[in-house]
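# Fold and contact review
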Amino acid sequence: METLARLEQIILERRSCDPETSYVALLKREGRPTMARKLGEEAVEATVAALSGSDEDMVGESADLLFHLMVLLADRDIALADVMAELDRREGISGIEEKASRPKQGETTNAH
């Protein structure tokens, strides 16, 4: 967890660097659609590695996926602590139960 906290700080710092020397700054300049596309690409690459790659490939693609997710979270001003709190909230709840408790796509909730 310490590694992810350090990475979050580095990403936050590098967003304002020169895009010619910082990949994070380059992604920020290119905008959220590019960041989201990169996250999707990395997710596909991690999936391919999971199915047909070596453990080394899976580790590398997982690191890429986490990095790009954290860049996108930073762009949305969502702290890693918020994601961790959500995971903590879900701890001890069956994944099937948790998913069933979410509103279905297109469904609205009427809170009174």
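Each chain carries its own residue numbering, running from 1 in the written order of its sequence. Local features are withheld for residues below a pLDDT of 70 in this predicted model, meaning they are given only at 70 or higher, and side-chain atom pairs are given and counted only at 80 or more; totals for whole chains, interfaces and linings count all residues. Working from all heavy atoms in the structure, the side-chain values ignore hydrogens and water.

### So, the overall build of the protein chain
- Each helix is a run of H or I in the DSSP string that is no shorter than four residues. Each strand is a run of E no shorter than two, and both are numbered from the N terminus. From N to C terminus, the protein chain includes six helices and zero strands.
- Out of the 112 residues in the protein chain, the part that is buried amounts to 21%.
- Only heavy atoms enter the contact rule, under which two residues are in contact if any of them lie within 4.5 Å. Looking at the protein chain alone, contacts between residues at least 24 apart form 52% of all its contacts between residues at least 6 apart.
- Accessibility throughout is a Shrake-Rupley quantity obtained with a 1.4 Å probe, and a residue counts as covered only by protein chains that appear here. Carbon and sulfur atoms provide 55% of the accessible area of the protein chain, an area that totals close to 8,300 Å².
- Distance from the positive charge centre (14 side chains) to the negative charge centre (23 side chains) of the protein chain: 6 Å. Exposed residues in this analysis have more than 50% of their type's maximum accessible area, buried residues have under 20%, and partly exposed residues fall in between, with area computed by a 1.4 Å probe over protein chains only. Charge counting follows a simple rule: Lys and Arg are positive, Asp and Glu are negative, and His as well as the terminal groups are ignored. Note that the charge is assigned to NZ on lysines, CZ on arginines, CG on aspartates and CD on glutamates.

### Considering the packing of aromatic side chains
- Note on aromatic contacts: the rings of Phe and Tyr and the six-membered ring of Trp form a pair at centre separations within 6.5 Å, being stacked when their planes are under 30 degrees apart, edge-to-face when over 60 apart, and tilted otherwise. Evaluated as defined, the whole model comprises one aromatic pair.
- Consider the rings of Tyr23 and Phe67, whose centres lie 6.1 Å apart with planes at 20 degrees: the pair is stacked. In this pair, Tyr23 sits in helix 2 (residues 23–30) while Phe67 sits in helix 4 (residues 55–75), placing the two residues 44 residues apart along the sequence.
- Here Tyr23 falls in the partly exposed class, since its relative accessible area comes to 38%.

### Some details on the packing of helix 2 against helix 3 (residues 32–52)
- Note on method: axes are straight lines fitted to C-alpha atoms, helices fitted across the in-contact stretch only, with angles between N-to-C directions ranging 0 to 180 degrees. Running from N to C, helix 2 and helix 3 cross one another at 120 degrees; their axes reach a closest spacing of 5 Å. Taken together, the axes of helix 2 and helix 3 lie oblique to each other. When helix 2 is examined against helix 3, the residues Tyr23, Leu27, Lys28 and Glu30 are found in contact with a partner set consisting of Thr34, Met35 and Lys38.
- Gly is put with the polar residues, along with every residue not named as nonpolar or charged; the nonpolar set is Ala, Val, Leu, Ile, Met, Phe, Trp, Tyr, Cys and Pro, and the charged set is Asp, Glu, Lys and Arg. For the contact of helix 2 with helix 3, the class distribution of residues is three nonpolar, one polar and three charged. An angle counts as roughly parallel when it lies under 35 degrees, as roughly antiparallel when it exceeds 145, as roughly perpendicular when it falls between 65 and 115, and as oblique in every other case.

### Quick notes on the nonpolar core
- Judged by nonpolar contacts, Ile11, Val24, Leu27, Met35, Leu39, Phe67, Met70, Val71, Leu72, Ala74 and Leu80 together constitute the single largest core of 11 residues.
- The set of elements that each furnish at least two residues to this core consists of helix 2, helix 3 and helix 4.
- In terms of residue count, the dominant contributor to this core is helix 4 (five residues).
- Ignoring sequence-local partners within four residues, the contact set of Ile11 consists of Val24, Phe67, Met70, Val71 and Ala74. In these notes, a set of buried Ala, Val, Leu, Ile, Met, Phe, Trp, Tyr and Cys residues joined through side-chain atoms within 4.5 Å is what counts as a nonpolar core.

### Describing the pattern of salt bridges
- The salt bridge definition used is simple: a Lys or Arg side-chain nitrogen within 4 Å of an Asp or Glu carboxyl oxygen. This model, assessed by the stated rule, comprises eight salt bridges.
- Lys28 is the partner of Asp75 in a salt bridge, and the nearest nitrogen-oxygen pair spans 3.7 Å. Pair noted here: Asp75 is in helix 4 and Lys28 is in helix 2, with a separation of 47 residues, a long-range link.
- Classification of Lys28 as partly exposed rests on a relative accessible area of 37%.

### Some details on the side chain of Glu8
- Assignment of secondary structure puts Glu8 in helix 1 (residues 2–14).
- With no salt bridge to any partner, buried Glu8 finds its closest opposite charge in Arg15, at an N-O distance of 9.4 Å.
- Other than its neighbours up to four places away in sequence, Glu8 contacts Met70, Ile78, Ala79 and Leu80.

### Quick notes on a nonpolar patch on the surface
- On the surface, a cluster of nonpolar side chains totalling about 210 Å² of accessible area is made up of Ile78, Val83 and Leu87.
- Within the secondary structure, Val83 sits in helix 5 (residues 80–90).
- Val83 sits in the partly exposed class, given a relative accessible area of 31%. Each patch is built from residues that are more than 30% exposed by relative accessible area and take part in no salt bridge. Like charges join if they lie within 9 Å; nonpolar side chains (Val, Leu, Ile, Met, Phe, Trp, Tyr) join within 5 Å.

The values reported here are purely geometric and, on their own, carry no functional implication.
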